[in-house]
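Overview (structure and organization)
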Amino acid sequence: MSGYFPGAEARVRYGRLLQMVGRTADARVVFNELLIQMRRAPKYLRDAQAEWLSIAEKQLST
């Protein structure tokens with residue numbers, strides 16, 4: 001679902017699920033890909049997804 005669901009929410013939730021089951025390396029890949037993709041997105045989209053992008057950044061920093 002995270003591959004076709006619009007926005008960042010599904011990918012962040014998927015990344016957090018991967019972390020919960022101990023697949024932290026896979027979770028980091030999901031978060032990194034999301035952040036890279038969103039850097040290329042228009043500002044209005046980044047602003048709309050700011051909450052989820054912040055969560056992804058925090059998950060990478062832990």
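Report follows, based on the coordinates.

With that settled, consider the nonpolar core. The biggest cluster of nonpolar side chains holds 15 residues, and the ones touching the most others in it are Ala8, Val12, Phe31, Leu34, Met38, Leu53 and Ala56. Contributing elements (two or more residues each) for this core: helix H1 (9–20), helix H2 (24–40) and helix H4 (50–61). Per element, the largest residue contribution to this core is six residues, and it comes from H2.

Relative to the assigned elements, Arg11 resides in helix H1. An unpaired buried charge is present at Arg11: no salt bridge exists, and Glu33, the closest side chain of opposite charge, is 7.3 Å distant. Of note is the side chain of Arg11, whose polar atom sits 3.1 Å from the backbone oxygen of Gly7.

Time to look at the environment of Asp26. Note on placement: Asp26 falls in helix H2. In sequence terms Asp26 and Gly15 are 11 residues apart; their C-alpha atoms lie 7.6 Å from each other. Polar side-chain contacts of Asp26 include one of 2.8 Å to the side chain of Arg23.

What follows is about the pattern of salt bridges. Overall, the coordinates contain three salt bridges when judged by the stated rule. Arg13 is the salt-bridge partner of Glu9, the closest N and O atoms lying 2.9 Å from each other. Here Arg13 and Glu9 lie together in helix H1, a separation of four residues that amounts to about one turn. The residue Asp26 makes a salt bridge to Arg23 at a minimum N-O spacing of 2.8 Å. With a relative accessible area of 33%, Asp26 lands in the partly exposed category.

What follows covers the environment of Val12. Turning to its location among the elements, Val12 is positioned in helix H1. The exposure class assigned to Val12 is buried, which follows from its relative accessible area of 0%. Counting along the chain gives 49 residues from Val12 to Ser61, while the straight-line C-alpha distance between them is 14 Å. Setting aside residues up to four positions removed in sequence, Val12 forms contacts with Phe31, Leu34, Trp52, Ile55 and Ala56.

What counts and how
- Residues numbered from 1 in each chain as written.
- Predicted model: local features only at pLDDT ≥ 70, side-chain atom pairs only at ≥ 80, totals over all residues.
- Heavy atoms only, no water.
- Core = buried A, V, L, I, M, F, W, Y, C linked by side-chain atoms within 4.5 Å.
- Buried < 20%, exposed > 50% of the residue type's maximum accessible area, 1.4 Å probe, protein only.
- Helix = DSSP H or I, 4+ residues; strand = E, 2+ residues; numbered from the N terminus.
- Lys, Arg positive; Asp, Glu negative; His and termini not counted.
- Salt bridge = Lys/Arg side-chain N within 4 Å of Asp/Glu carboxyl O.
- Polar contact = N/O pair within 3.5 Å; in protein donor to acceptor, adjacent residues only side chain to side chain.
- Contact = heavy atoms within 4.5 Å.

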